[in-house]
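Secondary and tertiary structure notes
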Amino acid sequence: MKIANIAMVGAATALVSTATLAAPVKPQPGQEKCFGISLAGKNDCAAGAGTSCAGTSTVDYDPVHWKYVAKGSCEGMKTPKGHGMLTPM
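Here we summarise the structure given alongside this text.

Rules of the game
Residues numbered from 1 in each chain as written. Predicted model: local features only at pLDDT ≥ 70, side-chain atom pairs only at ≥ 80, totals over all residues. Heavy atoms only, no water. Helix = DSSP H or I, 4+ residues; strand = E, 2+ residues; numbered from the N terminus. Contact = heavy atoms within 4.5 Å. Disulfide = S-S within 2.5 Å. Buried < 20%, exposed > 50% of the residue type's maximum accessible area, 1.4 Å probe, protein only.

Quick notes on the environment of Tyr 68
Inspection of the secondary structure assignment puts Tyr 68 in strand β3 (residues 65-70). Taking the C-alpha atoms as reference points, Tyr 68 and Cys 45, 23 residues apart in sequence, are found 9.3 Å from one another. In this view, Tyr 68 contacts Val 25, Lys 26, Pro 27, Gln 28, Gln 31, Glu 32, Lys 33 and Asp 44; residues no more than four positions away in its chain are not counted.

Here you go:
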């Protein structure tokens, strides 16, 4: 195999892998989205312009990134930046 072909296959594989990692986590039964509680790199997805999806948050407790939690528990969760919210802050 030529070096150029190997490089193209490697680039294509990396692109597909990245796209797969940035997909939103599938809806979870008995759970709801809670914004502002996820740690950097541990979010299930995001909301709003300039944001991406699962595992891409770079800031702890980012108000536009969410994580699934048990229904009814979100707003009672306290972080150093406030409480969890059911909608993006």
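From this point, the discussion proceeds with the structure in view.
Examining the state of the cysteines
One pass over the full model with this rule turns up 2 disulfides. One disulfide bridge connects Cys 34 with Cys 74, the sulfur atoms lying 2.0 Å from each other. With the S-S bond torsion at 80°, the cross-link from Cys 34 to Cys 74 turns out right-handed. Note that Cys 34 is positioned in strand β1 (residues 31-35) and Cys 74 in the loop between β3 and β4 (78-79), a separation of 40 residues in sequence. Residue Cys 34 is classed as buried on the basis of its relative accessible area of 0%. Should the bonded cysteines of the protein be numbered as they appear in the sequence, the pairing reads 1-4, 2-3.

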